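Residue-level structure breakdown
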Amino acid sequence: MGEKFAAALARAATGNEITKQQIIDLLSALPGEEENKLFQLADQVRQKYLGNEVHLRGIIEFSNFCRNDCFYCGLRRSNKQIQRYRIPIEEIIETAKYAAELGYGTIVLQSGEDLHYSGQELAEIIRQVKKVGGFAITACVGERTWEDYTLMKEAGADRYLLKHETADPILFSQLRPETTLKERIKGIQWLKELGYQVGSGNIVGLPGQTIETLVEDILLLRDLDVEMAGIGPFIPHHQTPLGNNSPGDLSLTLKTLAVTRLVLPQTHLPATTAVGTLHPEGRKLALASGANVIMPNLSPVSYREKYQIYPDKAGSREKPTESHAKITSLIKEVGRSVSTGRGDSPKDKFKTC
Ligand code: 5AD
Ligand code: SF4
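Cut-offs and rules
- Residues numbered from 1 in each chain as written.
- Chains lettered and ligands numbered in written order.
- Predicted model: local features only at pLDDT ≥ 70, side-chain atom pairs only at ≥ 80, totals over all residues.
- Heavy atoms only, no water.
- Near = heavy atom within 4 Å.
- 1 Å grid on protein atoms, 1.4 Å probe; cavity = no way out; pocket = protein on both sides within 12 Å on 5 of 7 lines; lining within 4 Å.
- Sits in = over half its atoms within 2 Å of the grid points.
- Nonpolar A, V, L, I, M, F, W, Y, C, P; charged D, E, K, R; others polar.
- Helix = DSSP H or I, 4+ residues; strand = E, 2+ residues; numbered from the N terminus.
- Buried < 20%, exposed > 50% of the residue type's maximum accessible area, 1.4 Å probe, protein only.
- Contact = heavy atoms within 4.5 Å.
- Salt bridge = Lys/Arg side-chain N within 4 Å of Asp/Glu carboxyl O.
- Phe/Tyr/Trp six-rings, centres within 6.5 Å; stacked < 30°, edge-to-face > 60°.
- Lys NZ or Arg CZ within 6 Å of the ring centre and 35° of its normal.
- Pairing = 2+ DSSP bridges.
- Right-handed = clockwise from strand over helix to strand, strands pointing away.
- Core = buried A, V, L, I, M, F, W, Y, C linked by side-chain atoms within 4.5 Å.

Let us now look at the site of ligand 2. Every residue close to ligand 2 is listed here: Cys66, Asn68, Cys70, Tyr72, Cys73, Arg76, Gly112 and Arg176. The cavity where ligand 2 resides is the largest cavity. By residue class, the composition of the shell around ligand 2 is four nonpolar, two polar and two charged.

Residue Glu178 is not a glycine yet carries a positive backbone phi of 70°. Note that Glu178 resides in the loop between helix 7 (169–175) and helix 8 (181–193). Unlike most non-glycine residues, Asp225 shows phi in positive territory, near 50°. By the element assignment, Asp225 lies in the loop between helix 9 (211–224) and strand 6 (228–233). We classify Asp225 as partly exposed; its relative accessible area is 33%.

Within the element layout of this structure, Thr240 appears in the loop between strand 6 and helix 10 (250–263). Setting aside its immediate chain neighbours within four residues, Thr240 contacts Phe71, Tyr72, Cys73, Gly74 and Arg76.

Bringing the pattern of salt bridges into the picture now. In total, this model carries 29 salt bridges according to the counting rule given. With its nearest N and O atoms 2.7 Å apart, the salt bridge here joins Asp114 to Arg86. Of this pair, Asp114 sits in the loop between strand 2 (106–111) and helix 5 (119–132) while Arg86 is found in the loop between strand 1 (53–63) and helix 4 (89–101), placing the two residues 28 residues apart along the sequence. Ionic pairing is found between Glu227 and Lys347, a salt bridge with its closest N-O pair at 2.8 Å. With a gap of 120 residues between them, Glu227 in the loop between helix 9 and strand 6 and Lys347 in the segment after strand 8 (337–338) connect regions that are remote in the sequence. Taken together, the salt bridges that share partners define one network made up of Arg67, Glu113, Glu143, Glu165, Arg176 and Arg184.

Applying the stated criterion across every chain, the model contains six aromatic pairs. Aromatic side chains Phe62 and Tyr117 sit 5.4 Å apart centroid to centroid with 70° between the ring planes, which places their arrangement in the edge-to-face category. Of the two residues, Phe62 is situated in strand 1 and Tyr117 in the loop between strand 2 and helix 5; the sequence distance between them amounts to 55 residues. Summarising the burial analysis for this pair, Phe62 and Tyr117 share the class buried. Where Tyr85 meets Tyr303, the ring centres are 4.7 Å apart and the plane angle is 40°; that geometry is what we call tilted. With Tyr85 in the loop between strand 1 and helix 4 and Tyr303 in helix 13 (residues 301–304), this residue pair connects regions lying 218 residues apart in the sequence. Both residues of the pair, Tyr85 and Tyr303, count as buried. An aromatic cluster of at least three residues, connected via ring pairs, comprises Trp146, Tyr149, Tyr160, Trp190 and Tyr196. A cation sits over an aromatic face here: Arg86 above Phe65, 3.8 Å from the ring centre. Lying across the ring of Tyr196, Lys153 places its NZ or CZ 5.7 Å from the centre.

Across the eight residues of strand 5 (residues 197–204), eight count as buried, placing the element largely inside the fold. Of the strand pairs in this sheet, strand 4 (residues 159–161) and strand 5 are connected by three bridges, and their pairing is parallel. Counted as the bridge partner of Leu161 is Gly199 from strand 5. The pairing of strand 5 with strand 6 spans six bridges and is parallel. Residue Gly199 lies in a different strand from strand 6, and its bridge partner there is Met228. With helix 9 bridging strand 5 and its parallel neighbour strand 6, the resulting β-α-β unit is right-handed.

Within the largest apolar cluster, 98 residues are counted, with the highest numbers of intra-cluster contacts made by Leu26, Leu38, Leu109, Val129 and Met152. It is helix 10 that contributes the most residues to this core, eight residues altogether. For Leu109, the residues in contact, after removing those within four places along its chain, are Ile60, Phe62, Ile92, Ile125, Ile126, Val129, Ile137, Thr138, Ala139, Cys140 and Val141. Membership of the second largest hydrophobic core comes to seven residues, among which are Val108, Leu161, Met228 and Val293.

See below:
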C-alpha cells in the first residue's frame, strides 16, 4: 500500500472528517490491495451505521416527457426516436397497490421534467398513491418552483430526489443546456428547508470530468448533508450527442461510492441500476462497497422500454415480478436482508419512532 493512501485510509477509519487531499488519495486507490482495503472499510462503516438491511425503493416511471435536453440522457427533448407516454392515474395506482402487496416501504414517483403536470396535479398523484399503503413517497420529477415543492410536500411526499449530476458548474451547463448548477443547488436547499429527506448524487465518467470533479461531487454532497446519494456510471446512449463516448469506469464508480460512504456514514447509498447495467455483478459489488439501497423498477412492462435514459437499462425487459424476485435473491446471495420498514433516514430529525 502506498503511504499517502494508507494514511488517508487510517484517518477515515477513525471516523473523523477527512481533508480534500485525503479524498483524492482515497479515490486514487490502485487496483488490488488498495481498492480492496477501501471497499472493506466502506463496507464496515455501512455495517456499523446502517446494519445489514437493504432498503427497497420501488420506482414507477410515470412519464418520459422532458423539457430538458441533457446531452447524456435518452429522454432529452431532441430525441424524436422515442415514443413518449404518460401513465394514466388508474394504472399508477394499480402499480402502487402491487408494490404494497410486495411490502415495499417506499414508492418513487419518477418522470422527466414534464410541465404537462401542474404542481397541483403532481400533488394529486402523490395524494392518491399515498392513500394506497403505508409507504413513504419519494418525488423525482426534476426542478420545480417553491410552490410546487410545497404542494407536493403537503400532499404527503416525504422525500425528493434531485441529483446534482456534476459539481463542475461549467460542465453542468455544457451538458445540461439552459440550466445551471446554481439553480439546481438552490432547489436542493429549498427541499431541505421544506423538510424533505433529500436525495442527490452524481454521474461518474462524464466526458470532461476529472478526479478533481469527483472530489467536488463528494464535498458538495457533504456540504448539502443529503439523506441519500445516487452515484452511478455514465452509460452512452446512441440517440444522444454523447453516444460515441466511453462509459464510466466500474472501479472508479465503486471508489466514489466507497469514499462517499466514509464521508457520509449515515447517508443512504443505492447500488444503482446504472452500475447493474454497466456490469452484471455491478449491484453486488456496490453492495460490498458501501451501498445499502436498491431501487427496483416497478413500471408496467409496456412502458419500460420507453424509459431508456440509457440503453439496455437493467431490467428493462422484465416484468415487475421478475425485477423484484431477482433483486431480493441478489440481496440474499450477498448475505444481506431485505428491510421491511420505510427506510427513513437514520438521522435524528427523521426518526419516525
Ligand atoms: N448514464 C448514466 N446515468 C444517466 N442519467 C441520465 N442519463 C444517464 C446516462 N446516460 C441519470 C441522471 C439523471 C437520472 C434520471 O438518470 O443522473 O438524474
Ligand atoms: Fe430530462 Fe433528467 Fe434526462 Fe435531463 S437527465 S433529459 S432532465 S430526464
